[in-house]
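Topology and contacts: notes
Here is what each chain is made of, one letter per residue.
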Amino acid sequence: MAPSPRTPLSLRRSLLLGILLPIVLFVVVDTISLYRQALGAVNTAYDRTLLASAKAIGELLDIEGDGPQARLRAQVPYSALEAFEADNRSRMSYRISDAKGQWIDGAEDLPAWRGSLPNQGPYAALVDFYDDSFRGDPVRVAVLLQPVATRRERTMAMVQVAETLELRRTLARQILIDTLQRQAILITVITAVVLIVVQRVTRPVRRMSSELQQRPEDDLTPLNASHLPLEIRPLTEATNQVMQRLQHLLDHQKRFVRDAAHQLRTPLAVLKVQVQSALRGDVAPTEALQEIQTTVDRATQLANQMLSLAKVEQVKQQQDFATMDWAEPLRAVALDVSALIADKDLDFDIRTEVSLVHAHEWMLREMARNLLHNAIRLSPRGGRLSVQLMPIDGMAELHIEDSGPGISDELRLRLFQPFAAGHAHSGSGLGLTITREMVKALGGSITLTNLYEQGLCVGLDACVRLPLQPQPD
């Protein structure tokens, strides 16, 4: 079972998603970055407090005794840390050790420092900051290597000051909340602005859609694109071109139906009268059948030509053209009508040269067939019929010269109109119309010229010119 196609997003929803999603992603990334920077600034500020506490304790150290009996002594009152405690949400503890890590004073259970001094960074003292755990609570610890000296003795003390993280976390949460509130306001403002802008930008499209929905079914007039944004005008221009082609097809269809109804009605009525006359015995059966056959032949020719005229329009729309040698379909058609040429005992001559044109093979065949049928029908028995195809000055020229009566100037003006036959009872009047439509579709031209000898008309030259295509390498 084939999966159902996904419903496409509307233009407004696509614009909103395309604009707001990147903004929201940027705001989220920016919020995380700002929070980390703010948290780093908080840690730096509070680490300075830890360092100040460690230095204050280090200044209270001295050495007791001389020689082997010398040892560090610390007299640190708790009030020495009260000045550095911001409020009761954080607690500070300290531990003093000698250079060997032996406990001297303070919280003996505060884990001893096991690290190494990092690059000094913003602090000039021999200090290190790290995170640890003390009595079940996470703490931030500053360790200071404090030199202690008297006149006779000198040693190094290790001062550790630990602070619980309640205040830092509270401040970090407050920074995060403030940041999120500002970003939420920013997103709200951006969303409102985008909604207003998208609503205004898509208003002409909605108006045009409403106008199209309210149009009658047969209204294919061009759309007015003067009020539309420049980016949408190519779409309306393409839509107008499609509507123009549809209007052309609709007009052609209406004209075809009208002409078919009008032209087929006459031979059918004649055929009905002939059948009724034969049934009543007004004419001999053989004569009646011959009349009926003549009427059927004319109706068949008319129907075929009308179908050909409709197919010309279909081929024009499909543009299924290719580069081919015009001489090949021309000779094939000449072979098809050879029986008609022989029946009239015509002096037939055909000469062709390679002439590449960009066309549809059916068009080339039908065009040659119509012109040859006209020439054969109008030529007298034993007359002359000449076919010549050659490339001349960038054009492929086809000349079909017959020995018929030619055409008058008055007839020349309407000969290419539908159902305008050159002579009474000589055809349906569609052959030249079909040929002209094919020639126009292929970008060529057709002319009919009388041939004269000693001032007398001795025939007609039907000349078709099509653009010549270059020879392939």
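The structure this text deals with has already been given above.
Just so you know, these numbers come straight off a predicted model, no measurement behind them.

Before going further, it helps to spend a moment on the overall build of the protein. Along the backbone of the protein there are 11 helices and 14 strands. In the protein, which comprises 473 residues, the share counted as buried stands at 36%. Pairs at least 24 residues apart make up 65% of the contacts formed inside the protein by residues separated by at least 6 positions. Of the roughly 28,400 Å² of accessible surface on the protein, 55% is carried by carbon and sulfur atoms.

On to unusual backbone geometry. Although it is not a glycine, R135 sits at a positive phi angle of roughly 55°. In this fold, R135 is placed in the loop between strand 5 (127–134) and strand 6 (137–149). Accessibility expressed as a relative area gives 60% for R135, which makes it exposed. The phi dihedral of D393 is positive, around 50°, even though this residue is not glycine.

With that settled, the discussion passes to the nonpolar core. One finds W326, L364, M367, V464 and L466 to be the most contacted residues of the largest nonpolar core, which totals 40 residues. Taken together, the elements giving at least two residues each to this core come down to helix 7 (327–336), strand 10 (356–359), helix 9 (361–378), strand 11 (384–392), strand 12 (395–401), helix 11 (431–441), strand 13 (445–453) and strand 14 (456–467). Top contributing element to this core by residue count: helix 9, with nine residues. Counting 20 residues, the second-largest nonpolar core is a separate cluster that includes I57, L61, V76 and M92.

Another aspect to go through is the pattern of salt bridges. Applying the stated criterion across every chain, the model contains 11 salt bridges. A salt bridge links E437 to R436, with the nearest nitrogen and oxygen atoms 3.5 Å apart. A relative accessible area of 16% places E437 in the buried class. Given a relative accessible area of 28%, R436 falls into the partly exposed group. Several salt bridges converge on common partners, so that one network encompasses D47, D131, R140, E163 and R168.

What follows covers the pairing of strand 12. The buried fraction of strand 12 is high, at five of seven residues. Here strand 11 runs beside strand 12; their pairing, made up of seven bridges, is antiparallel. Within strand 12, the residue paired with S386 across the bridge is E401. Linking strand 11 to strand 12, which pair antiparallel, is a turn of two residues; within it D393 sits at a positive phi near 50°.

The next subject is the environment of R351. Among the secondary structure elements, R351 is positioned in strand 9 (residues 347–352). R351 sits in the partly exposed class, given a relative accessible area of 46%. Between the C-alpha atoms of R351 and H399, which are 48 residues apart in sequence, the distance is 10.0 Å. For R351, the residues in contact, after removing those within four places along its chain, are V387, Q388 and L389.

On to the sheet that holds strand 13. Spatial strand order, 9-11-12-14-13: five strands in an open sheet with mixed pairing. Only two strands of the sheet have a single partner each, and these edge strands are strand 9 and strand 13. The mean inter-strand angle of the sheet, taken between neighbouring strand axes irrespective of direction, is 15°. When strand 13 meets strand 14, the two strands line up antiparallel, connected through nine bridges. Looking at strand 14, one finds that L448 is bridged to A462. Across the sheet, helix 7 is in contact with strand 9, strand 11 and strand 12; its angle to strand 9 comes to roughly 165°.

Residues L15, I19, I185, V189, V193, V197 and V201 make up a contiguous nonpolar surface patch of roughly 540 Å² in combined accessible area. Sorting the residues of the nonpolar patch by element identifies helix 1 (11–58) and helix 3 (166–201) as the ones contributing at least two each. Examining the composition of the nonpolar patch, we find that five residues originate from one element, helix 3, more than from any other. Within the secondary structure, V193 sits in helix 3.

Reading across the sheet, the five strands line up as 4-3-7-6-5 and stay open at both edges, with antiparallel pairing between neighbours. The open sheet is flanked by strand 4 (103–106) and strand 5, the only strands paired with a single partner. With direction set aside, neighbouring strand axes in the sheet form an average angle of 25°. In the sheet, strand 5 pairs with strand 6 via eight bridges, with the strands oriented antiparallel. Paired with D128 across the two strands is V143, which belongs to strand 6.

Here we come to the packing of helix 7 against helix 9. Contact geometry for helix 7 and helix 9: axes closest at 9 Å, N-to-C directions at 45°. With respect to helix 9, the axis of helix 7 lies oblique. Considering how the two elements wind past one another, helix 7 and helix 9 form a crossing that is right-handed. Within the contact between the two elements, helix 7 uses P329, L330, A332, V333, A334 and D336 and helix 9 uses E361, L364, R365, A368, R369 and L372.

Reading guide: rules and limits
Residues numbered from 1 in each chain as written. Predicted model: local features only at pLDDT ≥ 70, side-chain atom pairs only at ≥ 80, totals over all residues. Heavy atoms only, no water. Helix = DSSP H or I, 4+ residues; strand = E, 2+ residues; numbered from the N terminus. Buried < 20%, exposed > 50% of the residue type's maximum accessible area, 1.4 Å probe, protein only. Contact = heavy atoms within 4.5 Å. Areas by Shrake-Rupley, 256 points an atom, 1.4 Å probe, with all protein chains shown as cover. Core = buried A, V, L, I, M, F, W, Y, C linked by side-chain atoms within 4.5 Å. Salt bridge = Lys/Arg side-chain N within 4 Å of Asp/Glu carboxyl O. Pairing = 2+ DSSP bridges. Axes fitted to C-alpha atoms, helices over the stretch in contact; angles between N-to-C directions. Patch = residues over 30% accessible without salt bridge, like charges linked within 9 Å, V, L, I, M, F, W, Y side chains within 5 Å. Parallel < 35°, antiparallel > 145°, perpendicular 65-115°, else oblique. Left-handed = near helix turned anticlockwise from the far one by under 90°.

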